Number of protein chains: 2
Amino acid sequence: MSALHHTGYDPARVIPLAPAARAPSAEAVLGRVATTIRAAKHEAICHDGDEADAYFRVETGCLRVSKTLSDGRRHVVDFLFAGGFFGLTQGDTCDCTVEALTDTVLTRFPRRQLEAIAERDPATCNMLRRAVNAALSAAQVRSMLLARLSAEERLAAFLLDLAGRTGATRRLPLPMTRVDIGDYLGLTIETVSRTFTKFRTRGWIHLGASQDVTLVALDRLGELSEGGVLQAA
Amino acid sequence: MSALHHTGYDPARVIPLAPAARAPSAEAVLGRVATTIRAAKHEAICHDGDEADAYFRVETGCLRVSKTLSDGRRHVVDFLFAGGFFGLTQGDTCDCTVEALTDTVLTRFPRRQLEAIAERDPATCNMLRRAVNAALSAAQVRSMLLARLSAEERLAAFLLDLAGRTGATRRLPLPMTRVDIGDYLGLTIETVSRTFTKFRTRGWIHLGASQDVTLVALDRLGELSEGGVLQAA
DNA sequence: CGGTACGTTGAATCCGATCAAAGCGTGTGG
DNA sequence: CCACACGCTTTGATCGGATTCAACGTACCG
């Protein structure tokens, strides 16, 4: 698979801990401080600049992580699905705004307690470290996408990435609006819409009733994003 | 100096570890497996896809971290200066190519040993975790730069970031070529060159003999990148 | 001296942005 | 139940910033 999709930043897989041997320990320890939180559609979990008082893992639903510039330009840093996480910042303030795109269930880990546990429990610390590491790799691939790919390549990569992350094979939910997608891919809504239309008229995708897409020509989409993203040598 | 500090982004501040009490421990442990490596200008330390067998911290010099697409398009993921690091990947292969832009001195930590230490020593693990975390935050800001800022804003932000990272006040070294800068900022060499010229003719910068710049109007550059990068609320 | 690699500058082109307007769907209140 | 309004999407026309193509300048080095 190409670097663009499946960067390993696949929260669902990352957090439930790869090296299973260690998992029980970390899970057990963390379970003691975890609580379950619900967020309704459109509700904000935290705002850029707020005090960061907790770390969250998404159980079900979809969230939007974004930053907004003083002049109003917005950038969507990421969309989170089940298994995704946020709240691990370096300072003690949130560096992004996080909002629910659908009704969402989250697990909340109080920051002080989580940090205290990580401070002495290597299993927990390493789990967090691996998760952040995966997110970093994904962010680097994303920066290449933003710096070098065309609108068509970006959208193709986005759709395939989404498929990989949600576990969907061909039909995927699109809980986000065109604005969100544009702000995620560094494009305008019009360009996103036109590119969707291009894909549709070419028969590569099928646009369902406004909140889902079906990927028809996975190979074509793959060529576009892959031709972009595969490593050289 | 402590062992694995400096994320390369805001080195001095991030790594010397807030809770200073822990640093000595991690420092001492890591020191035992570290070796010093030298790389000559233009020499590659590792290639994308290679087996990742070590983690490196830059002591002196400047490195270029990049990815190249199959069709030749290249993206410079980062420039590393003293205190910067690389090699902490998730899988066991390098996900970027790293090359020396100047003669460089590096400290090398064998991957297996480093991982083994992190596995049992919370101090080391947390230090690594914080470093990766800082890098992730920086990557998110960079993706906003690539997605939303204009050429002028990008170059202004780049120059100010460079000043911050190298510790230079006004006169900074530019060990990288225009191609490198273009590939870093998602622009072509021509656009980078033209933008440098604009800044020069406005009297905002002074271009020295091909390998350094002097920032004259820090405030102007700040407005440009800040108008871009400052948070809203 | 060539030669090569890097940088600057100019002119033409193009992709995506911007401006504008028209569909569409959904939900709410008359 | 329908009318209307609001939010989102699509489509069209035009604009503009960055790219592309091309040429020239400049520094370094054998």
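Residues numbered from 1 in each chain as written. Chains lettered and ligands numbered in written order. Predicted model: local features only at pLDDT ≥ 70, side-chain atom pairs only at ≥ 80, totals over all residues. Heavy atoms only, no water.

A.B. asks: Looking at this structure, I do not really get the relation of the copies chain A and chain B. What am I missing?
C.D. replies: The operation linking the two copies of the chain is a rotation about an axis combined with a translation along the axis. At an RMSD of 0.1 Å, chain A and chain B line up after a rotation of 180 degrees and a shift of 0.0 Å along the axis. As the rotation angle and translation indicate, the two copies are arranged about a two-fold axis. A high fraction, 95%, of the interface residues of chain A reappear at the interface in chain B, so the copies pair face to face through one surface. (Least-squares fit on C-alpha atoms with pLDDT ≥ 70 in both. Contact = heavy atoms within 4.5 Å.)

A.B. asks: Help me understand the packing of helix α4 (residues 122–148) of chain A against helix α4 (residues 122–148) of chain B, please; the structure alone is not making it clear to me.
C.D. replies: Each packed pair of helices is defined by two parameters, the angle between the axes and the distance between the axes. Axis separation between α4 of chain A and α4 of chain B bottoms out at 8 Å; the angle between their running directions is 20 degrees. Relative to α4 of chain B, α4 of chain A is oriented roughly parallel. Every pair of crossing elements has a handedness; the one defined by α4 of chain A and α4 of chain B is left-handed. Across the contact of α4 of chain A with α4 of chain B, the residue classes break down as 18 nonpolar, six polar and two charged. (Axes fitted to C-alpha atoms, helices over the stretch in contact; angles between N-to-C directions. Helix = DSSP H or I, 4+ residues; strand = E, 2+ residues; numbered from the N terminus. Parallel < 35°, antiparallel > 145°, perpendicular 65-115°, else oblique. Left-handed = near helix turned anticlockwise from the far one by under 90°. Nonpolar A, V, L, I, M, F, W, Y, C, P; charged D, E, K, R; others polar.)

A.B. asks: Please clarify how unusual backbone geometry should be interpreted in this entry.
C.D. replies: What you tend to see is this: most non-glycine residues have negative phi, and most peptide bonds are trans. Here His 42 of chain A, not a glycine, exhibits a phi torsion of approximately 80 degrees, which is positive. Tracing the sequence through the fold places His 42 of chain A in the loop between β1 (35–39) and β2 (44–46).

A.B. asks: Explanation requested: the protein's contact with DNA strand D in the structure shown.
C.D. replies: With respect to spatial proximity, 16 residues lie near DNA strand D, and among them Arg 178 and Thr 197 of chain A together with Ala 151, Thr 191 and Arg 194 of chain B are the closest. When the atoms of DNA strand D within 4 Å of the protein are sorted by group, sugar and phosphate make up 60%. Contact between DNA strand D and Ala 151 of chain B: a phosphate oxygen at 2.8 Å from a main-chain N or O atom of the residue. Within the contact set of DNA strand D, a phosphate oxygen lies 2.3 Å away from a side-chain nitrogen or oxygen of Thr 191 of chain B. Looking at the surface near DNA strand D, the elements that each hand over two or more residues are α7 (189–201) of chain A together with α7 (189–201) of chain B. No other element matches α7 of chain A, which puts five residues into the surface near DNA strand D. (Near = heavy atom within 4 Å. Polar contact = N/O pair within 3.5 Å; in protein donor to acceptor, adjacent residues only side chain to side chain.)

A.B. asks: Sorry if this is basic, but what is going on with the protein's contact with DNA strand C here?
C.D. replies: Near DNA strand C you find 16 residues, and of these Ala 151, Thr 191 and Arg 194 of chain A together with Arg 178 and Thr 197 of chain B are the closest. Sugar plus phosphate, as a fraction of atoms of DNA strand C within 4 Å of the protein: 63%. Take Thr 191 of chain A: an N or O atom from its side chain is 2.4 Å from a phosphate oxygen of DNA strand C. Contacts to DNA strand C include Thr 197 of chain B, whose side-chain N or O atom sits 2.7 Å from a phosphate oxygen. Secondary structure elements with two or more residues in the surface near DNA strand C: α7 of chain A together with α7 of chain B. A per-class count over the surface near DNA strand C returns three nonpolar, seven polar and six charged.

A.B. asks: Explain the pattern of salt bridges here, please?
C.D. replies: A side chain of one charge can pair with a side chain of the opposite charge if their charged atoms are brought near each other. One pass over the full model with this rule turns up 36 salt bridges over all chains. Its salt-bridge partner being Glu 153 of chain B, residue Arg 73 of chain A comes within 2.9 Å of it at the nearest N-O pair. Of the two residues, Arg 73 of chain A is situated in the loop between β4 (63–68) and β5 (74–80) and Glu 153 of chain B in helix α5 (residues 151–166); the pairing between them involves two chains. In this structure Glu 153 of chain B comes out as buried when scored by relative accessible area, which is 10%. Residues joined in a network through salt bridges with shared partners are Arg 64, Arg 74, Glu 99, Asp 180 and Asp 183 of chain A together with Arg 148 of chain B. (Salt bridge = Lys/Arg side-chain N within 4 Å of Asp/Glu carboxyl O. Buried < 20%, exposed > 50% of the residue type's maximum accessible area, 1.4 Å probe, protein only.)

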